[in-house]
Amino acid sequence: MDNATRLHYLEAMGITIWVPRQRPIASEAEAMQSEALQNPVSQDVDYLQSVDQLAIQAEHIDLVGNHFNARSVPHDTLSFNNDWQTLQQQVAACQQCSLCETRTQTVFGVGNRHADWMLIGEAPGQNEDLQGEPFVGKAGQLLTEMLRAIGLRREEVYIANMLKCRPPNNRDPLPTEVQACHAFLQQQIILLQPKLILAVGRIAAQNLLNSKQTLSSLRGIRHQLHNIPLIVIPHPAYLLRSLLEKAKAWEDLQFALSVYKELEK
Ligand code: URA
């Protein structure tokens, strides 16, 4: 990506306020570009890792590796041996909660099924419900720009939501709805076996980590979900309302990238 394009993406994220004063903006972009070139994001996934290795356990691990909370994630009644196609069909036919009555369609997930990076959001909004794809509205466009800013194309990652159906009027998901969709998401994680999970937004983060902590206290920490590192980033819809938060989001993305690069070593 050339500098002008990268700067365009960074600007779309409000990056102009993130550039240190002592450094001209062009050199910042060049530094990022050369770093991205030196550390290309691999799409390789180790398929040999068995499903059994995915201990059904969520735990938080801080940056120095201390475990400070752990819980068991209950298995659901669905089989964990589905292939992608069967799973997608099950999701499309799902009537486990009342959201099936108001949805236009289910929103399964999109992207590279061999991706190293998995992004998990909260639930489809109006645009996603209409188009059947996660993160396609304004917030989705910003999420795509955020990924581009760290050298990832949307098609390279896998994007899913906790809920596969839109809650009416974009209200927060109910615990019963999260529970009803839980097994679908677990199976997506098992099929994908990502190297890194990004929890997009407070609600996704709190549910995935079974935590009531604030977004800011969950940020900047290498959590674990099924032995997969999980990093929390703010929801792009939230970032659309706050330039200052975009600055912090940039740090979160850099942190995620550094965790990913550590895994590659
Ligand atoms: N917000 C989400 O969390 N997911 C989407 O797909 C769209 C908006």
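Our structure is the block above this text.
Quick summary incoming for the structure in this document. Counting starts from 1 at the beginning of each chain's written sequence and moves along it residue by residue. In keeping with the predicted nature of the model, local features appear solely for residues at pLDDT of at least 70, side-chain atom pairs appear and are counted solely at 80 or more, and the whole-chain, interface and lining totals rest on all residues. Only heavy atoms go into the side-chain values, all of them from the structure, while hydrogens and water stay out.

## Re the pattern of salt bridges
Here is step 1 of the chain: Any carboxyl oxygen of Asp or Glu within 4 Å of a side-chain nitrogen of Lys or Arg constitutes a salt bridge here. A complete count under the given rule lists ten salt bridges for this structure.
Here is step 2 of the chain: Close ionic contact of Lys 248 with Glu 245 constitutes a salt bridge, the shortest N to O distance being 3.3 Å. With Lys 248 and Glu 245 both in helix H10 (residues 243-264) and three residues apart, this pair spans about one turn of that helix.
Here is step 3 of the chain: On the accessibility criterion, Lys 248 (35% relative accessible area) is partly exposed.
Here is step 4 of the chain: Linking Lys 265 and Glu 262 is a salt bridge whose minimum nitrogen-to-oxygen distance equals 2.9 Å.
Here is step 5 of the chain: For the exposure calls, accessible area comes from a 1.4 Å probe over protein chains only, and a residue counts as buried if that area is under 20% of its type's maximum, exposed if over 50%, partly exposed in between. Overall, Lys 265 belongs to the exposed group, its relative accessible area being 76%.
Here is step 6 of the chain: Here Glu 262 falls in the partly exposed class, since its relative accessible area comes to 46%.
Here is step 7 of the chain: Through salt bridges with shared partners, a single network forms among Arg 219, Glu 245, Lys 248 and Asp 252. To qualify as a helix, a DSSP run of H or I must reach at least 4 residues; to qualify as a strand, a run of E must reach at least 2; elements of each kind are numbered from the N terminus.

## Structural notes on the environment of Val 232
Here is step 1 of the chain: Its location among the elements puts Val 232 in strand S8 (residues 228-233).
Here is step 2 of the chain: The spatial distance from the C-alpha of Val 232 to the C-alpha of Phe 255 is 9.8 Å, given a sequence separation of 23 residues.
Here is step 3 of the chain: When neighbours within four sequence positions are excluded, Val 232 is seen to be in contact with Ala 199, Ala 205, Leu 209, Leu 215, Leu 218, Arg 219, His 223 and Asp 252. Whether two residues touch is decided by their heavy atoms; if any such pair falls within 4.5 Å, the residues are in contact.

## Looking at the layout of surface pockets
Here is step 1 of the chain: The calculated volume of the largest pocket comes to roughly 610 Å³.
Here is step 2 of the chain: Within this scheme a cavity is a closed region of a 1 Å grid, computed over the protein atoms alone, that accommodates a 1.4 Å probe without allowing it to escape, whereas a pocket is open but has protein on both sides within 12 Å along at least five of seven lines; lining residues each have an atom within 4 Å of a point. Lining the largest pocket are 27 residues, with Glu 122, Ala 123, Asn 170, His 235 and Ala 237 sitting closest to its centre.
Here is step 3 of the chain: Listing elements by their share of the lining of the largest pocket, those giving two or more residues are helix H4 (126-131), helix H5 (138-149), helix H7 (202-209) and helix H9 (236-239). Grid points are joined across faces, edges and corners, and a volume is the space filled by probe spheres set on the points.

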